[in-house]
Structures are given as C-alpha cells and as structure tokens.
Amino acid sequence: MSTATRPVHTAPTFAQSVWLVSNREISARLRSKSFLIATGILLLLSMASVIVGSIASQNTSRTKVAVVGTAISVVEQTEAFDIVEADTVEEAEALVRDGTVDAAVTPSTSADSVLGITVIALDSAPSDVLGTLSVSPELKILEPAEQDGFLAYLVAIGFGIIFLMSATTFGATIAQSVVEEKQTRIVEILMSTISVRALLAGKVLGNSLMAFAQIVAIGLLVSIGLAVTGQRVLLADVGPAIVWFAVFFAFGFVLLAALYAATASMVSRQEDVGSATSPVLFLVMIPYFMVVFFNDNPLVLAIMSYVPFSAPVGMPVRIFLGQAEWWEPVLSLVVLALSTMVVILIGSRIYSNALLRMGARVSLREALHK
Amino acid sequence: MLDIRGVTKSYGTRKVLTDVSFTVGDGRMTGFVGANGAGKTTTMRIILGVLSPDSGTVLIDGVPVTASDRRRFGYMPEERGLYPKMKVAEQLVYLARLHGLSPASARRNTTDLLERLGLDARAGDTVESLSLGNQQRAQIAAALVHDPEFLVLDEPFSGLDPLAVEVVMSVLAGFAAQGAPVLFSSHQLDIVERLCDDLVIIADGEIRANGSREALREQHSSPRFEIRTAGDTGWIRSQPGITVIDVAGAGDSTFAVFEAETDAASQAVLHHAITLGAVHTFSQQRPSLATIFKEVIA
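Note that the coordinates shown come from a computational prediction; the quantities given were computed from them, not determined experimentally.

Reading the values: the criteria
Residues numbered from 1 in each chain as written. Chains lettered and ligands numbered in written order. Predicted model: local features only at pLDDT ≥ 70, side-chain atom pairs only at ≥ 80, totals over all residues. Helix = DSSP H or I, 4+ residues; strand = E, 2+ residues; numbered from the N terminus. Buried ≥ 20, exposed ≤ 12 C-beta atoms within 10 Å, placed from the backbone. Contact = placed C-beta atoms within 7 Å. Domains from an automatic or database assignment. pLDDT = per-residue confidence, 0-100. Pairing = 2+ DSSP bridges. Axes fitted to C-alpha atoms, helices over the stretch in contact; angles between N-to-C directions. Nonpolar A, V, L, I, M, F, W, Y, C, P; charged D, E, K, R; others polar. Core = buried A, V, L, I, M, F, W, Y, C linked by C-beta atoms within 7 Å.

Trainee: Would you mind showing me how to read the overall build of chain B here?
Mentor: On a plain count of helices and strands, chain B comes out with nine helices and 14 strands. In terms of principal-axis extent, the alpha carbons of chain B reach across some 75 × 45 × 30 Å. Counting only residues that meet the buried cut, chain B has 42% of its 298 residues in that class. Partitioning the contacts of chain B with sequence separation of at least 6, the portion at a separation of at least 24 is 68%.

Encoded structure:
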C-alpha cells in the first residue's frame, strides 16, 4: 500500500501513550454519576464535620449557680458562672433541688473555712464549680502535650477515614476498569497497540490524579472551613499535617493503585473483583484501625509512620502531635517511594502476565512466572 | 507481504502451535480456517504481538515486525471488545490516537468510517446502547480507524446478520483491492469460499493446507466428471478406464457421473459424446471448501 496517500503513523512515545490512557480514565470517571455523587458526599461530610465542630466548641453553656449574700463577690470574680441571686440559704437549696441551678454558693457558717464559702449540690460534688472555686497549688508540667487528647483523636480518625474512603473508592475504580477491559477484550486491541506498561502506568496515573485532586479538594475545604468558622488556631496546628498527608497520600495511593490493578488483572469477571482485591482492601483498612486504637501510643504510631501502607496516616498524625523530628517525614517518604517503585515493578509483571488469561482466576505463582 | 515463519507456541506442556508457516500476500484476502482450538486465535495474537512465540518470527516484506510496525496493523479480536459506556465516535478517536494519529486525522477518519459503515447516526451513542449488529460494525470500525496497512481479523463475520455480512465483506474487499494483505478467520466456510483468494487450513496447531483457493481445489479435486447430453449416456459404461457412478434422466436430457483413470480416458468420453449429439455440460466435479476442509483435517 502506498504510504504517500495515508497519514504518517508517528508512533506515540511511551509518555504520550500513558497520557492518552490516563486522560481516558479521567474523563470516564468524570462522566460516571456514581463517582460524582460519591465525591460530593465525601466533600459534604468533611465540610459538615468542620461546621459541627465549630458549633460544638461555641456551645459550651455556662453552669448556673445560685448565690446567697456575700458569697456573690467570690463567685463574680471567677466570671465563669451564670449567677442567680437567692435571699436565703433555704431558697438557694430549693433552687438546687428543682434543678434551676447546678449548685448554690453560700457564705460559710464554719469558722475553719479557708475560703469562707459553702457549696451546696444535689447528689454529687459539682467538679466544675469546685474546680473553679478551689485554690490550686502551683503546677509545673515537665513535658507539655502539644495537643489536647480529644482533638488529637479526632484529627487521627479524620486522616484515617479520608485515607480509607479515597483509597477504597479509587482502588475499586481502578480494579473495575482493569477487569472491564479484560472482560470486554478491548485489552487485546490495546495490547496490540501500546505496551502493557504504558497501559498500566496510564491507568494508575489517571486514577491517582483524580484521587489526589479529591484529597486536595477536601484539604482546601477543611482549611477554608476552619478559617471561616474562626478556628484559626486549630488550622495553624492541623495545616502542616494536612499538607504532609496530601504528599504521603500521593505516593501511597500510587502504590495501592498498582496493587489493585495487578490483583484485579488476575480475574476475568466483575463479580470476582471483590474477592481478588480483598487482600489489598485489608492493607488499606489496617492503618485506619491502627490509628483509631493506637493514636495515643507513640511507639505504635512511630512504627506506623514508617510502614509504607500506614505511613500516609501515621506520619501526618505524628506531625500533628509534634512527635516527629523534621527529618522523619522525609525519611518515611523515601521508604514509601522506594517501596512504591518495587510494587509497581512486581505489579506490572503480574498485570502483563495475567491480562490475556481468561476464565479461571490466575494464581499468583502463574502470574509472576509466566 | 506478511510472512509467518516457523512459529511454535506452548502453554505449559500443551503445544498449541507447531512450526506454523504461511504468507499473506499484498492485496490477497486470505481465509484462515480451522476447528475450534486449532490455533487460529493464538496465531493471530502472535502476529499482532499480543503474545510472543516460543520460536519463529513474523516478517513484513522480509523484515521482522517491530512494536512500532504493529501500529500499522488493524486487529479485530475474536471476542469483541469496546468500552461499553464510551461513545462510539470518542472511542474510535481514542483508538486512532493510540495508534499515533493526530487529533485532527483521528476525527476525520472516524467520521468517514462511521459514514461508510452506516453508523454515522449513532456516533454519539454509547456502545452498550447499540444493537448487536451495530456493535459489530463499530468493532470493524475500531480495526480500520487508523488506516492500517495490514488487517488481521478473528471471526469478523460471526454473529453478523446477512446485511451486515455484505457491508463488512465489501469493506474488506475494498481494503484488499487497495493492496493491503488481509487475514481473516471464519467458521462460515461458504463466506470464506466466496471471499478469499488464498486459504490456510490449520488443525491441531499445524498448517495442513495452504495456497490459492483455486490451486487447493485443483489439488483436492477427485477424478470425477459429470456430463449432460441430449442423448442416452449408457454407452459410457463400456468406455475403457471409466467407472460410472451414476446415470440419470431419459430422452433428450441425460446425466452421468463417472470416474476416469486418466485424463485421456475422460477426454475420450467427451470426444465420443460429441460425435453422438449435443453436449450440454462436461465438467470435473470441484470439491466445495467444506469437502476440502474435512479431507485435509481428517
């Protein structure tokens, strides 16, 4: 056939092939309603958590205290209570009994009293009232915790949930897209056109970009939310951890994506995707549960922050808690990047060996040895 | 010219191809025929580089095929495949671009081809929403959209309605007429018989017969002749070197089938028949492709 009359076939380079494949993946995702809805829900949830957090922090209602006579001066000094004045001790007790106030403060009748007041409560000692009115000894903390324990717990779980949701959503998407190509056999046309590595790289790149974009969107939304709702102090604390989380997620997700693609390529039907990829799902769940149960255990967190699968959650939590030296995230990132490269090499081997095997599930041994 | 030379392939201990060699000439429609599991799909996958052979090579005009050469192939795999949720035209543009076409020529080819295949009205529909026949047309379009210089089609006619068969046949014939080598496999021997110039028959991973359709027919023709004349044909029985198989008819139209030991003996029958009266037909019985196929793979 005369080549003069037909367009010149300039073979696309590896990079061009990867780019074409990843573009297709991205546009396929953006057209999928279920993907858009899931993303919308995730973004709404993160926004809602910021708003709820802000409302909860402003709504700490003040304790009501009934005050009799001269005790008012002591209580007023604290500026911590809503004061209800009572004329007599009996009247104050009645207010305590009917629940109008949480406690009553009366002038002390005992001569030994240091403070000169008596606190009356209904059935148990009102610790907030006592704590505020007590004279505390001088306090010296040797190693002050950088963050409040409850807040640390919330931040840890937040990173855990976002990692779990994004990784499983996009992991499942990659797995489905691999099996779709295998099931419809379009993979044969693709393999006769571009290299299997380019195909795998394009899929991983496309889906990783989408996952990363989602994480960045969540990070921005939460940061803006914190700023708008006046939680700037919290933002200053969480901000660096969010940035590190995004960086770790980028690498960690590529690793998981390669694993998802490789395991999915071993089966031929959508129905089998779930069972084939369940070992990877397990790997994704581990960091989530570890961080939920061990976020107050520095040793476990330290180990987590270096193990490639859990580092994307473990290291940002440690950074937030102020437990990590400056070089630690860098070292952990190097470990993660290296293991990602190894996993991609093994994964692409499994992928290219298993792609044409239809029917029964390909065993891992077969996939690795050809 | 596409040249498959000494290709051998095993899956584990099972040998699926043994020393497979044949050529697909420029402008030749070459039919690739064999039973299920004979090795057709494996051979085609090896030609396309989807599988690599254990030994043997695939050559284009005497030079081993490289990965970039394979972009000049149009391939239609046996089990059809396109992205079900992608629009027809978008899908074709994507495949054309993967083959190295610029966005502009990818779009131009897509429009042209959809028009030729009568699919232009469905360009914006997703593949899964098409009827089966139209999905097949889209599949053919996927094999042709990048202006391939070679065509390798695995069962391009299976599952096509008669109308679509005609469309596809004319598209393929047009392709071969431009000088492209076309290799296609099919179970439908009647289609192969009508369409192909050359024939390759494979059984149990070995090439059993290979050559032009006419040469193969010649080669497998029986020494059987039939003659239709105006008069009685009973006299043929007494001719030397002739065994009559069947005589039928009466009056001015009779019909005989006989086997001749030599060409000369059959010619003698013809000569004698002409002296007796009008001869309507005299021909050597040509085996159908189905007959050759059965004979070759037996």
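Trainee: Please clarify how helix α2 (residues 88-98) of chain B should be interpreted in this entry.
Mentor: Residues separated by three or four positions in an α-helix point in the same direction, a consequence of the helix having 3.6 residues per turn. Burial analysis of α2(B) places ten of its eleven residues in the buried class, the great majority of the element. Those residues of α2(B) that sit buried are Val88(B), Ala89(B), Gln91(B), Leu92(B), Val93(B), Tyr94(B), Leu95(B), Ala96(B), Arg97(B) and Leu98(B). Check the buried side of α2(B) and you find it contacts α1 (14-31) and α7 (186-191) of chain A together with α3 (103-116) and α4 (132-144) of chain B. Remark: Gly100(B) follows α2(B) within two positions and exhibits a positive phi of approximately 105°.

Trainee: Where do I start with the domain arrangement of chain A in this structure?
Mentor: The extent of an interface is frequently quoted as the accessible surface area lost upon association of the parts. What the domain assignment lists for chain A is domain 1 (17-55 + 145-369) and domain 2 (65-133). Each of domain 1 of chain A and domain 2 of chain A was reduced to a C-alpha centroid, and the two centroids are 56 Å apart.

Trainee: Would you mind going over the confidence of the model for chain A with me for this structure?
Mentor: Predicted coordinates in regions of low pLDDT should not be interpreted in detail. Residues and elements named next belong to chain A. Mean pLDDT over chain A works out to 82, with 92% of the residues at or above the 70 mark. Ranking the helices and strands of chain A by mean pLDDT puts α1 first, with 91, and helix α14 (residues 364-369) last, with 76. A low-confidence stretch, residues 1-7 (pLDDT under 50), is modelled with eight contacts involving residues beyond four sequence positions or located in other chains.

Trainee: Explain the sheet that holds strand β1 (residues 63-68) of chain A here, please?
Mentor: Neighbouring strands of a sheet are bound in pairs by backbone hydrogen bonds; such pairs are parallel or else antiparallel. Residues and elements named next belong to chain A. Here four strands make up an open sheet; going across it, the order is β2-β1-β3-β4 and the pairing mixed. In this open sheet, the two edge strands, each paired with only one partner strand, are β2 (81-86) and β4 (117-120). Direction aside, neighbouring strands of the sheet carry axes that sit 25° apart on average. Alignment of strand β3 (residues 103-107) against β4, held across four bridges, turns out to be antiparallel. Among the inter-strand pairings, Ala 104 is bridged to a residue of β4, identified as Ile 120. Across the sheet, helix α3 (residues 71-78) lies against β1, β2, β3 and β4, angled at about 165° from β2, the strand it touches most.

Trainee: How should I be thinking about unusual backbone geometry in this particular structure?
Mentor: Negative phi characterises most residues that are not glycine, and trans characterises most peptide bonds. Despite not being glycine, Arg185(A) has its phi angle at roughly 65°, a positive value. With respect to the element layout, Arg185(A) can be found in the loop between α6 (149-183) and α7. One non-glycine residue, Glu155(B), lies in the positive phi region at around 50°. Tracing the backbone through its elements, the reader meets Glu155(B) in the loop between β7 (150-153) and α5 (162-177).

Trainee: Looking at this structure, I do not really get the sheet that holds strand β4 (residues 55-60) of chain B. What am I missing?
Mentor: All names here are of chain B. Read across the open sheet, the four strands follow the order β2-β1-β4-β5; overall the sheet is antiparallel. The sheet is open, and its two borders are formed by β2 (14-24) and β5 (63-64), each paired with just one other strand. In terms of strand pairing, strand β1 (residues 2-11) meets β4 through five bridges, oriented antiparallel. Bridge pairing in β4 places Ile 4 opposite Val 58.

Trainee: Would you take a moment to explain the interface of chain A and chain B for this structure?
Mentor: Of the residues lining the interface, 20 residues belong to chain A; the matching set on chain B comes to 31 residues. Elements with a minimum of two residues in the side of chain A that touches chain B: α1 and α7 of chain A. A per-element tally of the side of chain A that touches chain B places α7(A) first, with four residues. Counted by class, the side of chain A that touches chain B contains ten nonpolar, six polar and four charged residues.

Trainee: Looking at this structure, I do not really get the domain arrangement of chain B. What am I missing?
Mentor: When cut into domains, chain B gives domain 1 (2-218) and domain 2 (220-287). One C-alpha centre belongs to domain 1 of chain B, the other to domain 2 of chain B, and the line joining them spans 44 Å.

Trainee: What's the story with the confidence of the model for chain B in this structure? I'm lost.
Mentor: Looking at chain B, the pLDDT average stands at 87 and 99% of residues meet or exceed 70. The ipTM assigned to the predicted complex is 0.78, against a pTM of 0.76.

Trainee: Sorry, what's going on with the pairing of strand β10 (residues 206-212) of chain B here?
Mentor: Residues and elements named next belong to chain B. Across six bridges, strand β9 (residues 198-203) lies against β10 in antiparallel orientation. Of the residues in β10, the one forming a bridge with Leu 199 is Gly 211. Taking the residues that link successive antiparallel strands as the turn, the β9-β10 hairpin has two residues, and the phi of Asp 204 there is positive, at about 50°.

Trainee: I tried to follow the nonpolar core on my own but got confused; where do I start?
Mentor: Most often, soluble globular proteins keep nonpolar side chains buried together rather than apart. Ala257(A), Ala261(A), Ala141(B) and Val152(B) are the most contacted members of the largest nonpolar core, which has 153 residues in total. With 21 residues, helix α9 (residues 232-264) of chain A is the largest single contributor of residues to this core. When near neighbours in sequence (up to four residues on either side) are disregarded, Ala141(B) contacts Leu92(B), Leu113(B), Leu114(B), Leu117(B) and Leu119(B). Judged by nonpolar contacts, the second largest core, of 17 residues, contains Val65(A), Val67(A), Val101(A) and Leu133(A).

Trainee: Is there a simple way to explain the environment of Gly274(A) in this structure?
Mentor: Residue and element names in this part refer to chain A. Of note, Gly 274 is situated in helix α10 (residues 273-294). Its 13 C-beta neighbours within 10 Å are what place Gly 274 among the partly exposed residues. For the pair Gly 274 and Ile 319, spaced 45 residues apart in sequence, the C-alpha separation works out to 34 Å.

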